[in-house]
Number of protein chains: 2
Amino acid sequence: MFENSEKTNIEKIGKNKLIAHILSLNENKNPQVIVPPGDDAAIIKFSDNENLVVSSNIIVENVNFDLVYTPLKHLGYKTVTTTISNIYAMNAKPEYILINIAFSSKYTLEAIEEIYSGIYFACNKYNIILAGGDINTSVKGLTLSATAIGKICPNKEVLRQNCKVSDILCVTGDLGAAYMGYHLLEREKRVFLATPDFKPDIEGYDYIVSRQLKPEARNDIIELFEKENILPTSMTDLSSGLADGLKKISSKSKIGFDVFEEKLPIDGQTLQLANEMNLDATMCILNGGEDYELLFTIGQIDYEKIKNNIDITAIGYATSNEHSCNLITKDGSRKEIRVLN
Amino acid sequence: MFENSEKTNIEKIGKNKLIAHILSLNENKNPQVIVPPGDDAAIIKFSDNENLVVSSNIIVENVNFDLVYTPLKHLGYKTVTTTISNIYAMNAKPEYILINIAFSSKYTLEAIEEIYSGIYFACNKYNIILAGGDINTSVKGLTLSATAIGKICPNKEVLRQNCKVSDILCVTGDLGAAYMGYHLLEREKRVFLATPDFKPDIEGYDYIVSRQLKPEARNDIIELFEKENILPTSMTDLSSGLADGLKKISSKSKIGFDVFEEKLPIDGQTLQLANEMNLDATMCILNGGEDYELLFTIGQIDYEKIKNNIDITAIGYATSNEHSCNLITKDGSRKEIRVLN
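Residues numbered from 1 in each chain as written. Chains lettered and ligands numbered in written order. Predicted model: local features only at pLDDT ≥ 70, side-chain atom pairs only at ≥ 80, totals over all residues. Heavy atoms only, no water.

### Section: empty space enclosed by the protein
- Counted according to the given criterion, the structure contains three cavities of 30 Å³ or more.
- Looking at the lining of the largest cavity, the elements with two or more residues in it are β5 (129–132) of chain A together with α1 (15–24) of chain B.
- Top contributing element to the lining of the largest cavity by residue count: α1(B), with three residues.
- Of the residues contributing to the lining of the largest cavity, the split by class is eight nonpolar, two polar and one charged. (1 Å grid on protein atoms, 1.4 Å probe; cavity = no way out; pocket = protein on both sides within 12 Å on 5 of 7 lines; lining within 4 Å. Points joined across faces, edges and corners; volume = space filled by probe spheres on them. Helix = DSSP H or I, 4+ residues; strand = E, 2+ residues; numbered from the N terminus. Nonpolar A, V, L, I, M, F, W, Y, C, P; charged D, E, K, R; others polar.)

### Brief notes about the side chain of B:T270
- Checked against the element boundaries, B:T270 lands in helix α8 (residues 268–276).
- Among residues more than four places away in sequence, those in contact with B:T270 are B:L175, B:G176, B:A177, B:M180 and B:I208. (Contact = heavy atoms within 4.5 Å.)

### Some details on the sheet that holds strand β8 (residues 168–172) of chain A
Residues and elements named next belong to chain A.
- Reading across from one edge, β9-β11-β8-β12-β10-β13-β14 is the order of the seven strands in this open sheet, with mixed pairing throughout. Among the strands making up the open sheet, the edge pair consists of β9 (234–237) and β14 (334–336). Put simply, the sheet's adjacent strands are angled 25 degrees from each other on average, direction ignored.
- Where strand β10 (residues 256–260) lies against strand β12 (residues 312–319), four bridges are found, and the strand directions are antiparallel. (Pairing = 2+ DSSP bridges. Axes fitted to C-alpha atoms, helices over the stretch in contact; angles between N-to-C directions.)

### Focus: the sheet that holds strand β9 (residues 234–237) of chain B
Residue and element names in this part refer to chain B.
- Read across the open sheet, the seven strands follow the order β9-β11-β8-β12-β10-β13-β14; overall the sheet is mixed. Pairing within the sheet leaves two strands with one partner each, and these edge strands are β9 and β14 (334–336). Across the sheet, the axes of successive neighbouring strands diverge by a mean angle of 25 degrees, strand direction being ignored.
- Examined bridge by bridge, strand β8 (residues 168–172) and strand β12 (residues 312–319) share five bridges and lie antiparallel to one another. When the sheet's bridge partners are listed, I168 is paired in β12 with Y317.
- Contacting β8, β9, β11 (294–298) and β12, helix α6 (residues 219–228) crosses the sheet at an angle of about 20 degrees to β11.
- Strand contacts of helix α7 (residues 242–253): β8, β9, β10 (256–260), β11, β12 and β13 (325–328), with the helix running at about 150 degrees to β9, the strand carrying the most contacts.

### Things to note about the environment of B:Y126
- As for its position among the elements, B:Y126 is in helix α3 (residues 109–126).
- For the pair B:Y126 and B:T8, spaced 118 residues apart in sequence, the C-alpha to C-alpha distance is 42 Å.

### Brief notes about the packing of aromatic side chains
Residues and elements named next belong to chain A.
- Scanning the entire structure with this criterion turns up 12 aromatic pairs over all chains.
- Between Y116 and Y120, the ring centres sit 6.2 Å apart and the planes meet at 45 degrees, which makes this aromatic pair tilted. In this pair, Y116 and Y120 are both assigned in helix α3 (residues 109–126), four residues apart and thus about one turn of the helix distant.
- The class for Y116 is buried, based on a relative accessible area of 4%.
- Ring geometry for F225 versus F296: centroids 5.1 Å apart, planes at 80 degrees, classification edge-to-face. (Phe/Tyr/Trp six-rings, centres within 6.5 Å; stacked < 30°, edge-to-face > 60°. Buried < 20%, exposed > 50% of the residue type's maximum accessible area, 1.4 Å probe, protein only.)

### Focus: the relation of the copies chain B and chain A
- Each copy of the sequence occupies a distinct position, and chain B is placed on chain A by a rotation of 180 degrees and an axial shift of 0.0 Å, giving an RMSD of 0.0 Å. Both copies are brought into coincidence by an operation consistent with a two-fold rotation axis. (Least-squares fit on C-alpha atoms with pLDDT ≥ 70 in both.)

### Observations regarding the state of the cysteines
- What the rule picks out here adds up to zero disulfides over all chains.
- The thiol sulfur of A:C170 is not disulfide-bonded, and the nearest other cysteine sulfur, from A:C163, lies at 11 Å. (Disulfide = S-S within 2.5 Å.)

### Regarding the interface of chain B and chain A
- Taken together, the 87 residues of chain B in the interface contact 87 residues of chain A.
- Scanning the region where chain B abuts chain A turns up zero salt bridges.
- The tally of links between chain B and chain A comes to 22 residue pairs in polar contact (both at pLDDT 80 or more).
- Residue contributions to the side of chain B that touches chain A peak at nine residues, all from strand β3 (residues 51–60) of chain B.
- Residues belonging to the side of chain B that touches chain A are distributed by class as follows: 46 nonpolar, 27 polar and 14 charged. (Salt bridge = Lys/Arg side-chain N within 4 Å of Asp/Glu carboxyl O. Polar contact = N/O pair within 3.5 Å; in protein donor to acceptor, adjacent residues only side chain to side chain.)

### A closer look at the pattern of salt bridges
- On inspection of all chains with the given rule, the structure shows 42 salt bridges over all chains.
- In this structure, the salt-bridge partner of A:K305 is A:D302, at a minimum N-O distance of 3.1 Å. Here A:D302 and A:K305 lie together in helix α10 (residues 300–306), a separation of three residues that amounts to about one turn.
- You can call A:K305 partly exposed: its relative accessible area is 36%.
- Overall, A:D302 belongs to the buried group, its relative accessible area being 15%.
- A salt bridge links B:K125 to B:E216; the nearest nitrogen and oxygen atoms lie 3.3 Å apart. Of this pair, B:K125 sits in helix α3 while B:E216 sits in the loop between α5 (206–213) and α6, placing them 91 residues apart in sequence.
- Among the residues examined, B:K125 registers a relative accessible area of 48% and is labelled partly exposed.
- When salt bridges with common partners are traced through the structure, they connect A:R211, A:R218, A:D220, A:D291, A:E293 and A:D311 into a single cluster.

### Description of the side chain of B:T319
- Within the secondary structure, B:T319 sits in strand β12.
- Here B:T319 is in contact with B:V165, B:I255, B:G256, B:F257, B:D258 and B:S324, once residues within four sequence places are set aside.

### Examining the domain arrangement of chain A
Residue and element names in this part refer to chain A.
- Domain assignment breaks chain A into domain 1 (10–152) and domain 2 (168–336).
- For domain 1 versus domain 2, the distance between C-alpha centres works out to 22 Å.
- Facing 23 residues of domain 1, the contacting portion of domain 2 comprises 26 residues.
- The largest share of the area that domain 1 buries against domain 2 comes from Y69, K78 and N91, three residues that together contribute 28% of it.
- The tally of links between domain 1 and domain 2 comes to four salt bridges.
- One salt bridge in this structure joins E226 and K93, with 2.9 Å as the shortest N-O distance.
- Taken together, domain 1 and domain 2 are joined by 13 residue pairs in polar contact (both at pLDDT 80 or more).
- Going through the elements one at a time, α2 (72–88) and α3 are the ones with two or more residues in the side of domain 1 that touches domain 2.
- Per element, the largest residue contribution to the side of domain 1 that touches domain 2 is nine residues, and it comes from α2. (Domains from an automatic or database assignment. Buried area = accessible area lost by both parts, 1.4 Å probe.)

### Some words on the environment of B:Q32
- By secondary structure assignment, the location of B:Q32 is in the loop between α1 and β1 (33–35).
- Between the C-alpha atoms of B:Q32 and B:Y205, which are 173 residues apart in sequence, the distance is 47 Å.
- Look past the residues within four positions of B:Q32 in its chain and what remains in contact with it is A:Y96, A:I129, B:I43, B:I44 and B:K45.

Below you can see the structure in the form of structure tokens.
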């Protein structure tokens with residue numbers, strides 16, 4: 001029958017490079033597209049006063065989640081929050097979401113209801129409307145695909161590309177918690193599978209577990225920017241770790257960053273479990289991912305307006321050292337920050 | 001660990017009922033949503049002069065397509081056309097599409113490029129912009145999920161619910177071809193799998209094969225409506241067969257239909273293969289699906305404007321016989337049209 005050629009192993013390329021390559025194949029550049037795909041979200045012209053901000057996300061069973069320890073309600077919730085997080089990361093407000101679900105015959109009506117109860121719960125909390133979606137069967141496993149649509153006034157969008165040398169680098173909340181939550185759940189799963197009558201013990205680690213299973217999006221920060229009339233010079237959400245976020249902004253803005261290890265915000269539970277598991281806490285922050293906090297840069301004048309906010313931490317500043325992100329360690333030495341694949 | 005209850009077998013419910021049930025779980029009705037999910041697309045208020053039309057679609061390997069005979073380029077093309085077809089079915093014009101893809105490690109870069117070449121080809125042909133999307137790995141198989149976004153002026157949308165008694169029932173193009181294309185490809189696949197050196201013979205059936213593998217959306221009909229200032233009283237696209245389309249309009253509009261078997265438009269290839277395979281051609285039209293033609297109803301005055309169009313066929317009319325769709329067979333007898341699951 002028809003032959004599909006097989007040549008280049010895709011795993012060697014990496015997701016970011018693959019997306020950039022696919023986008024480069026499109027010869028049809030359109031002036032309606034103000035910010036093309038490749039940032040957290042795309043921005044497209046809609047009317048004179050408002051633009052659309054759109055972003056899509058697909059998550060797959062046993063790649064992005066494990067149903068041994070993920071409640072379906074949390075999975076529905078996380079599908080919404082992780083998708084709208086991309087819209088907030090443009091300094092925009094999501095308004096609508098469409099969610100497609102494909103599931104195998106092992107899923108019951110009650111299981112699907114659980115997923116949707118989480119979806120509706122998140123929609124109500126973030127004031128988003130579920131505006132559609134498709135349901136389909138799959139041969140194996142569960143796949144959820146979501147598209148969020150938001151609005152933004154022209155020139156209010158915050159991209160990755162406008163950070164200037166000396167801008168202050170800030171991050172919201174704390175980092176590394178979702179990653180440690182993942183490690184804890186995986187450890188308990190291994191014990192559970194070996195001894196099925198074992199009751200998992202996650203006491204004392206409720207915060208990091210919830211950060212992994214039920215992450216929140218930072219709508220509050222976007223509202224703060226609006227209230228204080230702050231326009232960051234660049235922004236992204238931290239879905240794949242701080243190192244990845246730094247790389248995204250520094251390469252688009254053609255600057256570098258100096259980041260101070262001692263400033264990195266970390267919760268006590270994250271630190272405690274990292275110590276217990278002999279993991280380097282700074283490595284967890286740099287490469288852990290799934291925190292869905294906002295990483296942004298701002299000028300000195302805007303920084304004055306938020307410097308006392310306990311939920312925002314200045315962790316460094318932009319340098320002219322193009323593409324070079326460095327960690328100033330607690331002992332004062334300088335280490336290049338690399339993105340681990 | 002966490003337990004997900006298992007009770008009701010979802011296969012017994014059916015897709016349309018399941019979607020209706022899920023939508024009924026949402027307690028948060030929003031006035032911004034002008035047409036809620038459940039029609040071909042949802043319509044949401046965006047500005048005073050224009051509304052957004054949005055629709056989503058998810059297709060899964062070995063459920064919706066078979067890569068033994070589906071070229072990846074055609075698969076990308078079909079993902080676009082079948083999704084934007086839902087927007088046209090609202091009498092609206094799609095402008096943007098976002099496509100998420102999850103694929104297993106067996107897919108090479110060249111394979112993904114093939115899919116995107118089909119996506120871009122369809123986008124260029126229909127003047128749609130690929131405005132984003134996510135790429136992810138899957139444990140097994142290929143899943144494509146698409147969301148189309150269009151615009152429509154208030155009161156120009158055509159829903160399923162406003163058909164009146166005596167309105168004329170029309171369909172575009174011909175029906176049953178995609179279904180017979182599927183049967184042909186499946187037959188050739190069975191022979192190919194049994195005797196791998198066999199060369200598939202689809203000569204003389206190029207039209208029905210292309211209807212299955214590379215369906216088009218009916219943008220031309222929506223442009224005709226605009227040019228002729230025609231507003232159908234109801235419309236849907238035929239993704240699941242004529243019987244399903246009739247049921248969707250009749251139940252929403254609370255009317256019935258009398259459909260004349262002798263009027264049903266069928267291509268010579270469809271008829272020939274149906275005869276060859278001992279299949280009833282009318283059954284193929286009623287329950288075949290995947291034609292992506294438009295089924296619509298219009299009043300007598302509008303009908304006069306299109307009655308000589310060779311690409312539109314009047315196949316019946318709306319009756320007061322609520323929910324009852326009847327086929328007036330070639331021998332003059334009357335048979336109830338039922339949707340087969």
